[in-house]
Amino acid sequence: AQSVTQPDIHITVSEGASLELRCNYSYGATPYLFWYVQSPGQGLQLLLKYFSGDTLVQGIKGFEAEFKRSQSSFNLRKPSVHWSDAAEYFCAVGPYNNNDMRFGAGTRLTVKP
Amino acid sequence: GAVVSQHPSWVICKSGTSVKIECRSLDFQATTMFWYRQFPKQSLMLMATSNEGSKATYEQGVEKDKFLINHASLTLSTLTVTSAHPEDSSFYICSARPGKRTSGELFFGEGSRLTVL
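A. Molecular detail of the overall build of chain B. Along its length, chain B carries zero helices and eleven strands. Reading chain B from its N terminus to its C terminus gives the helix and strand order β-β-β-β-β-β-β-β-β-β-β. Computed over its C-alpha atoms, the radius of gyration of chain B comes to 13 Å, within 12% of the 13 Å expected for a compact globule of 117 residues. Judged by the C-alpha coordinates and their principal axes, chain B covers about 40 × 25 × 20 Å. Per-residue burial for chain B yields a buried fraction of 50% across its 117 residues. Residue pairs in contact within chain B that sit at least 24 positions apart in sequence constitute 54% of those at least 6 positions apart. On chain B, roughly 5,700 Å² of surface is accessible, and the fraction owed to carbon and sulfur atoms is 52%. Treating the 12 positive side-chain charges of chain B as one cloud and the 10 negative ones as another, the clouds have centres 1 Å apart.

Structure (structure tokens):
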């Protein structure tokens, strides 16, 4: 079955530390992969996306993600976290029926001073 | 980038009344828009796909008579929660994809928080 899994519900890191958020997917073909960020009470903002080509993609706010087909993963990374990065992060995969995308359960990031 | 706007951002209503939420694509046309519902600390749950000029496609378990969707133009979709009850209280988010693309990123509205008293 097609699915998106974010194994970590909540992660806490210290400001300035590195970050990696995990995303695994199950999809019948080569997927389109996305990471979105959501601040409390807000909509979703696209951080980065992978369609094809270079498997290491750069996004906004210093984030990057690497597509690993052999591991069915698309983990999000940032070398040095800022307090403003505290938010909910969603991995998404598509397209699906009706050409929408499906979201993981989300990982809530807390940044300690 | 493409901008999607929702209105209202917050709405409080009495049980039994109906509430309309608008989703507009401000700088692009969207043949298809999507409506999601998000419970606290949970992911987005797709409710329905809104198709311009035709009926919406609802996900299994979503009552189409309760959640009325109208996509009357290429820049506007509306979600009407009819006869709202407290269990309908939630965060509703819409998204859209420019033009007639069938893949690629979605652009999201800011969300609308509905509280039913």
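B. Examining the pairing of strand E9 (residues 90-96) of chain B more closely. Residues and elements named next belong to chain B. Extensive coverage of E9 is indicated by the burial of seven of its seven residues. Of the two faces of E9, the one carrying Ser-90, Tyr-92, Cys-94 and Ala-96 and the one carrying Phe-91, Ile-93 and Ser-95 are both buried. Relative to E9, strand E4 (residues 32-38) runs antiparallel, the two being bridged by six bridges. Bridge pairing in E9 links Tyr-36 to Ile-93. Sheet topology places E9 next to strand E10 (residues 107-108); two bridges connect them, and they run antiparallel. By the bridge assignment for E10, Ser-95 is matched with Phe-108.

C. Just the interface of chain B and chain A, in detail. Between chain B and chain A, the contact holds 21 residues from the first and 21 residues from the second. Approximately 1,700 Å² of surface area, both sides summed, lies buried where chain B meets chain A, with 55% of it carried by carbon and sulfur atoms. Looking at the side of chain B facing chain A, the largest losses of area belong to B:Ser43, B:Glu105 and B:Phe108, adding up to 28% of the total buried there. Linking chain B with chain A are four residue pairs in polar contact (both at pLDDT 80 or more), by the criterion used here. At the level of elements, E4, strand E5 (44-51) and E9 of chain B are the ones that each hand at least two residues to the side of chain B that touches chain A.

D. Region of interest: the pairing of strand E7 (residues 67-73) of chain B. Residues and elements named next belong to chain B. Bridging between E7 and strand E8 (residues 76-81) involves five bridges; their strand directions are antiparallel. Bridge pairing in E8 links Phe-67 to Val-81. The turn linking E7 back onto E8 is made up of two residues.

E. Region of interest: the sheet that holds E8(B). Residues and elements named next belong to chain B. In space, the four strands of this open sheet follow the order E1-E3-E8-E7, with antiparallel pairing throughout. What marks the edges here is a single partner per strand, and that holds for strand E1 (4-7) and E7. Here the strands of the sheet are splayed against their neighbours by 15 degrees on average, with no regard to which way each runs. Relative to E8, strand E3 (residues 19-25) runs antiparallel, the two sharing six bridges. Considered in E8, the bridge of Cys-23 is made with Ser-77.

F. Looking closely at the side chain of A:Gln6. Residues and elements named next belong to chain A. Of note, Gln-6 is situated in the loop between strand E1 (3-5) and strand E2 (10-14). At a separation of 3.1 Å, a polar atom in the side chain of Gln-6 contacts the main-chain amide nitrogen of Gly-106. A polar side-chain atom of Gln-6 sits 3.3 Å from a polar atom in the side chain of Thr-107. Residue contacts for Gln-6: discarding those within four places in its chain leaves Arg-22, Trp-35, Tyr-89, Phe-90, Cys-91, Gly-104, Ala-105, Gly-106 and Thr-107.

Basis of the calculations
- Residues numbered from 1 in each chain as written.
- Chains lettered and ligands numbered in written order.
- Predicted model: local features only at pLDDT ≥ 70, side-chain atom pairs only at ≥ 80, totals over all residues.
- Heavy atoms only, no water.
- Helix = DSSP H or I, 4+ residues; strand = E, 2+ residues; numbered from the N terminus.
- Rg over C-alpha atoms; globule rule 2.2 N^0.38 Å.
- Buried < 20%, exposed > 50% of the residue type's maximum accessible area, 1.4 Å probe, protein only.
- Contact = heavy atoms within 4.5 Å.
- Areas by Shrake-Rupley, 256 points an atom, 1.4 Å probe, with all protein chains shown as cover.
- Lys, Arg positive; Asp, Glu negative; His and termini not counted.
- Charge placed at Lys NZ, Arg CZ, Asp CG, Glu CD.
- Pairing = 2+ DSSP bridges.
- Buried area = accessible area lost by both parts, 1.4 Å probe.
- Polar contact = N/O pair within 3.5 Å; in protein donor to acceptor, adjacent residues only side chain to side chain.
- Axes fitted to C-alpha atoms, helices over the stretch in contact; angles between N-to-C directions.

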